[in-house]
Structures are given as structure tokens and as C-alpha cells.
Amino acid sequence: MPAPERIPPRSVTEVDLLARGELTVRGRIREASNGVLYCSVAYEGREAGCVYKPVAGERPLWDFPDGTLARREVAAYEVSEATGWSLVPPTVLRDGPYGEGMCQLWIDPEPEDAPAGAPLLALIEEEEPGEGWKAVGRAEVGEGRTALLVHADDERLRRLAVLDAVINNGDRKGGHLLPASGGRLYAIDHGVTFNVDDKLRTLLWGWAGEPLTEEARAMLDGLAEVLAPGGPLATRLAELITPAETDALRARVGELRHTGLHPRPSGEWPPIPWPPV
């Protein structure tokens, strides 16, 4: 009798690990405004660090329904994956030691002296940004002095600026940018996204009013397809955000496709988050 065929073990993806693994709380990230726990997660021989944000630890916000921030974080990941840019670390909604919450893969940022860890934001004394930099605006630096806030003219940041416009990110700070190994850039903290009103608040205004890249325009065309009613992304988002928020998302994608331009500040909402880091 022939020996039975050996079936190789199924590879465990990062999403599998986060969704099915055993969470062990290792500590609390005290700098965060909401309850954020650093954990390890283990599943079928694979282990990694992760961030767990239980819904129970969310602070109420006047402009976002209570208990919805974790789902918005997962929705931001789903949209990021649909763009093909994978700018948001793998993120799932799951039960944990303190109830339902968002679980996201921990990203170790590159040191600043590594190529991928080079500064992406800076304050300079000059009136105009130098080569390779884009101006955001003047910022107070104390004792009545101001400096010019600039960000790198970096294609990874430019992609992120488009993603933020799509998901209507109300809080893109410098501390949310994580340069990683291999030249990757990840972005974190997407709890205040997908509002039906214009809430875009970011440090990445350097391309405001400029034409979108051909890559971005092609991405938006593809995003519109999967966001159509009954489309795969629309179906997934129905579990995470409201129908009105999905409609507003479609409208933002449609507006970007129509204008072909990076958006400008609306003037109805503070354009830069505070504190900026």
C-alpha cells in the first residue's frame, strides 16, 4: 500500500496570526490617548508583537460614535490593502483579554541613521523648502519664533497623502509614520477616519493642488470598482462602518478622480493636527 501523500502545513499569514493567535498582554503604551496594550500573539508555531486596542478603552469623541474607533482602524487597513500600497500594518477585529478590539501587527521602525529611517519631517529656518522637501506651513517654535514645517518629497508619503484623503483621516501626525526595513513605510492610528464630514487634518499638505500621479489615478479607478455596491471592498466595509460613511467614501474617491488633484485644506476645519507629533 503506497504511503499517504504528505500535505505541507498551511503557512500562517500575519492576518491568521492576529485573528486566531493567543494574545498575551505584555504592557501598556502610556503615550496613547486611548487604552493601547502591547501584546504578543502566538499561533501554530508563529509568534509576533502586536498592538491591541480594546473598544472598552476608547475615550468618547463628540464627532465619532462611541465604540467605533477599532472598526475604523480595521476599515483603514482594508482600504489600504485594496489600493495595493499596503501602507497600514495588518489589522483585524477580534476578541481579546478586555473584549472586542483592534489588533495590529507591531512594526519596529528603522533607526534614523538607516536609509529607510531618514527623517521625513523637519522644521527649518529658511523661507522656502530645499530640494527634496515640500512646505506645509509656518509653525510656532517658542519665544515668538516660527519655522517652516516641511516634509520629504517622498513617493511613499505621497501615496499616504492620497490614502488619507480617501479615508478622510482627521489625525495624520508625524508620530504615525513608521519607516521600516526594506524601504517600507507604514502608517498607524486610524481611529478618526471615514467621517461623513470633511475632517482631513494632516502634516502632508505639500502636494495640495498638484496633479495626482498616474499611479494614483489608476489606483482610484480600481478602488471605485471594488467600492461599487456589492463589490468586495464595499461588502467588507459594511461590517465596519455605516452605509452613509461608505457612500461618503465613494464620493471622495469620485471627487479625486474627477479633479485629478491632491485636495487643498477646506478652510472649515483645522488643517494640521495638534500636537503635530
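Residues numbered from 1 in each chain as written. Predicted model: local features only at pLDDT ≥ 70, side-chain atom pairs only at ≥ 80, totals over all residues. Heavy atoms only, no water.

K.L.:
For this particular structure, what's the right way to read the layout of surface pockets?
P.N.:
With a probe scaled to a water molecule rolled over the atoms, the places where space remains empty come into view. Computed from the structure, the largest pocket encloses a volume of approximately 1,000 Å³. Residue lining of the largest pocket: 43 residues in total, with Ser33, Lys53, Asp171, His176 and Asp189 positioned closest to the centre. Breaking the lining of the largest pocket down by element, the ones donating at least two residues are β3 (46–54), α2 (69–83) and β5 (99–105). Each residue belonging to the lining of the largest pocket can be placed in one class, and the counts come to 22 nonpolar, 10 polar and 11 charged. Roughly 390 Å³ of volume is contained in the second largest pocket. Of all the elements in the fold, those that place two or more residues in the lining of the second largest pocket are α3 (155–167) and α6 (243–259). A total of five residues in the lining of the second largest pocket trace back to one element, the largest contributor, which is α6. Looking at the lining of the second largest pocket, its residues break down into 11 nonpolar, six polar and six charged. (1 Å grid on protein atoms, 1.4 Å probe; cavity = no way out; pocket = protein on both sides within 12 Å on 5 of 7 lines; lining within 4 Å. Points joined across faces, edges and corners; volume = space filled by probe spheres on them. Helix = DSSP H or I, 4+ residues; strand = E, 2+ residues; numbered from the N terminus. Nonpolar A, V, L, I, M, F, W, Y, C, P; charged D, E, K, R; others polar.)

K.L.:
Please explain empty space enclosed by the protein as it appears in this structure.
P.N.:
In the structure shown here, the tally under the stated rule is one cavity of 30 Å³ or more. Estimated volume of the largest cavity: approximately 70 Å³. Residue lining of the largest cavity: Ala161, Asp164, Ala165, Leu200, Thr202, Leu204, Trp205, Trp207, Ala208, His262 and Pro263, and that is the complete set.

K.L.:
It is not clear to me how the pattern of salt bridges should be interpreted in this structure. Could you clarify?
P.N.:
It is possible for side chains bearing opposite charge to pair when their charged atoms get close. Tallied over the entire structure, the rule returns 18 salt bridges. A salt bridge links Glu100 to Arg71; the shortest N-O distance between them is 3.3 Å. Residue Glu100 is located in strand β5, and its partner Arg71 is located in helix α2; the two are separated by 29 residues in the primary sequence. Here Glu100 falls in the partly exposed class, since its relative accessible area comes to 35%. Under the relative-accessibility criterion, Arg71 is labelled partly exposed at 26%. A salt bridge links Arg138 to Glu127, with the shortest nitrogen-to-oxygen separation between them at 3.8 Å. Of this pair, Arg138 sits in strand β7 (residues 133–142) while Glu127 sits in the loop between β6 (121–124) and β7, and the two are 11 residues apart along the sequence. Through salt bridges with shared partners, a single ionic network connects Lys53, Glu73 and Asp189. (Salt bridge = Lys/Arg side-chain N within 4 Å of Asp/Glu carboxyl O. Buried < 20%, exposed > 50% of the residue type's maximum accessible area, 1.4 Å probe, protein only.)

K.L.:
I keep staring at the packing of aromatic side chains and nothing clicks. Help me out?
P.N.:
Each pair of aromatic rings is reported with the distance of its centres and the angle of its planes. Applying the stated rule across the entire model yields one aromatic pair. Seen in terms of ring centroids, Tyr38 and Trp106 are 5.0 Å apart; in terms of plane orientation they differ by 75°. Their pairing is edge-to-face. Remark: Trp106 occurs in the loop between β5 and β6 and Tyr38 occurs in strand β2 (residues 37–43); sequence separation between them is 68 residues. Looking at Tyr38, the relative accessible area reads 29%, which means it is partly exposed. (Phe/Tyr/Trp six-rings, centres within 6.5 Å; stacked < 30°, edge-to-face > 60°.)

K.L.:
So what exactly am I meant to see when it comes to the side chain of Arg172 here?
P.N.:
Here Arg172 is to be found in the loop between α3 and β9 (177–179). Classification of Arg172 as buried rests on a relative accessible area of 1%. Of note is the side chain of Arg172, whose polar atom sits 3.4 Å from the backbone oxygen of Ile188. Within the structure, Arg172 has its side chain in polar contact with the side chain of His190 (distance 2.7 Å). (Polar contact = N/O pair within 3.5 Å; in protein donor to acceptor, adjacent residues only side chain to side chain.)

Worth remembering: the numbers are spatial, not functional.
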